[in-house]
Amino acid sequence: MPTPPHRSPAARPRPRPPVRRRKPRWAARAVTTLSVVILASAGIGHGVISSLDADIARVDPFKDMKNRPRAGHGMNVLLVGTDGRDKITEAERQKYRLGGAPCHCTDTIMIVHISEDRERASVVSLPRDSYAMTPPHTDQTSGEKHHGHPVKLNAAYAEGGPNLTVRTVENMTHVKIDHYLEVDFTSFMKTVDVVGGVKICTVDPLKDSYTGLDLPAGTHTLRGGEALQYVRSRHIDGAADLGRMKRQQRFMAALIDRATSSGILLNPMKFRDITRAVLGSVRADKGFGTDELLDLGRAMRNFSPSSSEFTTVPIGQMGYAVKGVGSTLKWDSAKADRLFQALRDDKPLAAHKPRSKAVRVAVAPQQIRVQVENGTAVSGLGKRVDSQLAATGFRTTRQPVTSANRTVKRTIVAYDPRWDRSAKSLAAALPGSELRAVKGQGAVLKVIAGADFEQVRKVRAEDPYQGEFGVVTGDEVGCV
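These numbers come from a predicted model, not from an experiment.

## Comments concerning the packing of aromatic side chains
And then number 1: Following the criterion strictly, the structure yields 3 aromatic pairs and no others.
And then number 2: The interplanar angle of 80° and the centroid separation of 5.5 Å between the aromatic rings of tyrosine 131 and tyrosine 320 together place this pair among those described as edge-to-face. In this pair, tyrosine 131 sits in strand E5 (residues 131-133) while tyrosine 320 sits in strand E16 (residues 315-322), placing the two residues 189 residues apart along the sequence.
And then number 3: The exposure class of tyrosine 131 is partly exposed, given its relative accessible area of 26%.
And then number 4: Ring centres 5.8 Å apart and planes at 40° place the aromatic pair tryptophan 331 and phenylalanine 340 in the tilted group. When sorted by exposure, tryptophan 331 lands in the same class as phenylalanine 340, which is buried.

## What to know about the nonpolar core
And then number 1: In this structure, Leu78, Ile111, Val124, Leu126, Val169, Val313 and Phe340 are the most contacted members of the largest nonpolar core, which totals 29 residues.
And then number 2: Every element with two or more residues in this core is listed here: strand E2 (75-82), strand E3 (106-114), strand E4 (121-126), helix H4 (155-173) and helix H10 (333-344).
And then number 3: When residues no more than four places from it in sequence are discounted, the contact partners of leucine 78 are Ile109, Met110, Ile111, Thr165, Val166, Val169, Ile177, His179, Tyr180 and Leu181.
And then number 4: Ile368, Val372, Ala423 and Val447 belong to the second largest nonpolar core, which has 25 residues in total.

## Some remarks on the environment of arginine 436
And then number 1: Position of arginine 436 relative to the elements: it lies in strand E23 (residues 434-437).
And then number 2: On a C-alpha basis, the gap between arginine 436 and aspartate 416 in space is 8.7 Å, while along the polypeptide they are 20 residues apart.

## Regarding the pattern of salt bridges
And then number 1: Under the defined criterion, the tally for this structure stands at 10 salt bridges.
And then number 2: Between glutamate 434 and arginine 436 there is a salt bridge, with its nearest N and O atoms 3.2 Å apart.
And then number 3: Residue classification places glutamate 434 among the partly exposed positions, given a relative accessible area of 25%.
And then number 4: Overlapping salt bridges, with partners in common, bring together Arg120, Glu309 and Asp346 in one network.

## Comments concerning unusual backbone geometry
And then number 1: If you check the backbone angles, aspartate 64 has positive phi at about 55° while not being a glycine.
And then number 2: Looking at where aspartate 64 falls in the secondary structure, it is placed in the loop between strand E1 (57-59) and E2.
And then number 3: Its relative accessible area of 65% is what places aspartate 64 among the exposed residues.
And then number 4: Although it is not a glycine, arginine 398 adopts a positive phi angle of roughly 65°.
And then number 5: Position of arginine 398 relative to the elements: it lies in the loop between strand E20 (395-396) and strand E21 (401-402).
And then number 6: Since its relative accessible area comes to 53%, arginine 398 is described here as exposed.

## Considering the pairing of strand E17 (residues 326-331)
And then number 1: Of the pairings in the sheet, the one linking E16 to E17 comprises 5 bridges and is antiparallel in character. Directly across from alanine 321, in E17, lies its bridge partner serine 327.
And then number 2: Between the antiparallel neighbours E16 and E17 lie 3 residues, among them glycine 324 with a positive phi of about 85°.

Basis of the calculations
Residues numbered from 1 in each chain as written. Predicted model: local features only at pLDDT ≥ 70, side-chain atom pairs only at ≥ 80, totals over all residues. Heavy atoms only, no water. Phe/Tyr/Trp six-rings, centres within 6.5 Å; stacked < 30°, edge-to-face > 60°. Helix = DSSP H or I, 4+ residues; strand = E, 2+ residues; numbered from the N terminus. Buried < 20%, exposed > 50% of the residue type's maximum accessible area, 1.4 Å probe, protein only. Core = buried A, V, L, I, M, F, W, Y, C linked by side-chain atoms within 4.5 Å. Contact = heavy atoms within 4.5 Å. Salt bridge = Lys/Arg side-chain N within 4 Å of Asp/Glu carboxyl O. Pairing = 2+ DSSP bridges.

Right under this line is the structure:
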């Protein structure tokens, strides 16, 4: 018996980006910067925006750095998300399972590349468990000198803060980092609440006992705490941290959509609330200031979800064991080199495709075998349904049959319960159809075309990540 299909991101002197850190954290930061961008392009005064500088905590991640990569075109921002939760209440800690004292470490690291023409943002997630080699460095507190040694990428922050994190990332990618942004749990939660929540959709139920995330399949508007659970969850399936990064990218795209399409950021009062919520917990390099924000804002008036693209650095080996470090993720050096060269050359990571109007489903049509029956007296109906399903990608028999029952009013999708996800994907292509479980039917699903049949709706597999680098644009991961 076949296995069920369902089992199984130099021009002018670097303006500063509108991005936020940490997966979720970049998301929150994205809202802030995008708010500034939109307001700036809308003509809101310099005075309103200049007050932001005083709210941002400053760090110097580039102190004493030498032999850095050559600057490319466009701007590169390193977004780092920490587990800071000092301003979160005890009730929130318990409700959202945030644990006790934070470790002051980072589990989200991204490079956000803003193109020279300011029309594209390319976001590259760097897995926290990536195998990394720190450069030789001196502890900025104790003065102790350290030789370069292997670590998991997120350990660079714990060992040497922003400075060692930037140096390690530059050594690994050969991409010059122009700016540094760091966000924590508090600013993320507040930002999501201030924008009124963010809409995400999922084909499958999402449940993680570690974070408390429990979402049924469907569309949901997540508020701050729930959004934090969504972007932190890594125990939903076997994909672990890689799956979490994709969900974070989806959330970022949805957040950008919310910020740019709702008009809320054009409201000065709402903008003030958002910036206050975010900037109180953000840390950035000293070069990220008002003039850069305004310059970027004027250039990015038409920025939208389709202007953004997301990917994760290609992984060559999972579970790469390193003595004294543990199990790490080793990058695919050849693909990673091409990816980071594209950033240095300011090239798109993937050609943008118009957003598909197809409904997302859990199982790709190409994995689903279908036998069509004509359940009516309408001549040729079975053949029409079979042809349309095949054109959408379903593996039909191409030999529709006539049902013994010629009075079927509502189209039926009959399926073996073991192939329930395949059945739901097929039913999505047949609006209004009835799902009917038939034990022992086997791997081939059956469609009994009824009198209500009008046409097959296009569907596509839920995961839109394609191409050499697995890139997806922001509008492709938003809710349809």
